[in-house]
Amino acid sequence: MEVIIQPTEEAAAELVARIVAKELRANPHLVLGLATGKTMECVYRHLVGHHKEHHLDFSLCSTFNLDEYVGLFPSDPNSYRHYMDHHLFRHVNVDPRNTHLPNGLAADLEAECRHYEGSIQRFGGIDLQLLGIGKAGHIGFNEPLSALRSRTRVKALTPTTLKQNAAPFGGEDKMPRRAITMGVGTILECRRCILLATGPNKAAVIAQAVEGPITSMVTATALQLHPRCSVIVDEAAAAELKEKDYYRWIFENEPEWQEYR
Ligand code: F6R
């Protein structure tokens, strides 16, 4: 795992977008894993900019989202399908047939989860997975106590997540209590992971995820087992990290980051 600290939320999101753009230019058939949430909105804005201003081509790539609420229609403004259409898909030239989200309306949710895993396999696995982190340390909707080898499945949302995500639904009592999510094991199989966290609200959980012990209580800690994971944070989210000087040195000196400095 490596941690990259950027001065602002904007700079951190822009860095993530530049990494995605570089990977997509190197491999137009990229299989891209996507996340939703407030943090990612800025990344998608930058990716749309790369498409419009620098002709970044999405026509051959495929996407798999981490998760979707159970019981929402794709047209529901709070569904993650709607989020992706709104923030990215309709602004770039991705083929809609190559964009995948779990179907939270499936009659047989377990079969849907198996089918989703199968689709990821059929596309050759995920090359680059974008991740956010919840206040309770989840990646995807892998809530505390999610098995670190878990696969795509239905997960009940914790009170912390319900509180975190309730606003657009107009209250916790109006939102779905369950979601389909890729498992921690599914995420660990992606060839490269990038976790983005910004803002002071994420400082405590980022310190736990990066420098704390691996535990299913904070599923982001499982990324410490991943062979190629970058955690990109702004100064506010980095506030409680102990080894900041070391992380800064990496970004300033390692050849891999030269083109992004
Ligand atoms: C959403 C997802 C979640 C979010 C996390 C952070 O697809 O997988 O893990 O990334 O809850 O959400 P924000 O960015 O809204 O703080």
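Anyway, here's the lowdown on the structure attached to this text. Values in this document were obtained by computation on a predicted structure and should not be read as measured data.

**Some words on the overall build of the protein chain**
- Counting its secondary structure elements, the protein chain contains nine helices and 10 strands.
- Here the protein chain has a C-alpha radius of gyration of 17 Å; the compact-globule value for 261 residues is 18 Å, and the two agree.
- Along the first, second and third principal axes, the C-alpha set of the protein chain runs to 50 × 40 × 35 Å.
- Residue burial in the protein chain is summarised as follows: out of 261 residues, 57% are buried.
- Across the protein chain, the fraction of contacts at a sequence separation of at least 24, relative to all contacts at a separation of at least 6, is 79%.
- Per element, the accessible surface of the protein chain, about 11,600 Å² overall, is 52% carbon and sulfur.
- Measuring between centres, the 28 positive side-chain charges of the protein chain sit 3 Å from its 32 negative side-chain charges.

**Side note on the side chain of Thr152**
- Checked against the element boundaries, Thr152 lands in the loop between strand E6 (128-131) and strand E7 (153-156).
- Among the polar contacts made by the side chain of Thr152, one reaches the side chain of Glu117 at a distance of 2.7 Å.
- Those residues in contact with Thr152 that sit more than four places away from it in its chain are Cys113, Tyr116, Glu117, Ile180, Thr181, Met182, Gly183 and Thr186.

**A closer look at the packing of helix H2 (residues 38-54) against helix H3 (residues 80-87)**
- Between H2 and H3, whose axes approach to 10 Å, the crossing angle comes to 40°. When the interaxial angle is binned, H2 and H3 end up oblique. Along its contact with H2, which presents Met40, Glu41, Tyr44 and Val48, the element H3 presents Tyr83, Met84 and His87.
- Broken down by class, the residue content of the contact of H2 with H3 amounts to five nonpolar, one polar and one charged.

Criteria and cut-off values
- Residues numbered from 1 in each chain as written.
- Predicted model: local features only at pLDDT ≥ 70, side-chain atom pairs only at ≥ 80, totals over all residues.
- Heavy atoms only, no water.
- Helix = DSSP H or I, 4+ residues; strand = E, 2+ residues; numbered from the N terminus.
- Rg over C-alpha atoms; globule rule 2.2 N^0.38 Å.
- Buried < 20%, exposed > 50% of the residue type's maximum accessible area, 1.4 Å probe, protein only.
- Contact = heavy atoms within 4.5 Å.
- Areas by Shrake-Rupley, 256 points an atom, 1.4 Å probe, with all protein chains shown as cover.
- Lys, Arg positive; Asp, Glu negative; His and termini not counted.
- Charge placed at Lys NZ, Arg CZ, Asp CG, Glu CD.
- Polar contact = N/O pair within 3.5 Å; in protein donor to acceptor, adjacent residues only side chain to side chain.
- Axes fitted to C-alpha atoms, helices over the stretch in contact; angles between N-to-C directions.
- Parallel < 35°, antiparallel > 145°, perpendicular 65-115°, else oblique.
- Nonpolar A, V, L, I, M, F, W, Y, C, P; charged D, E, K, R; others polar.

Any link to function would need more than the numbers given here.
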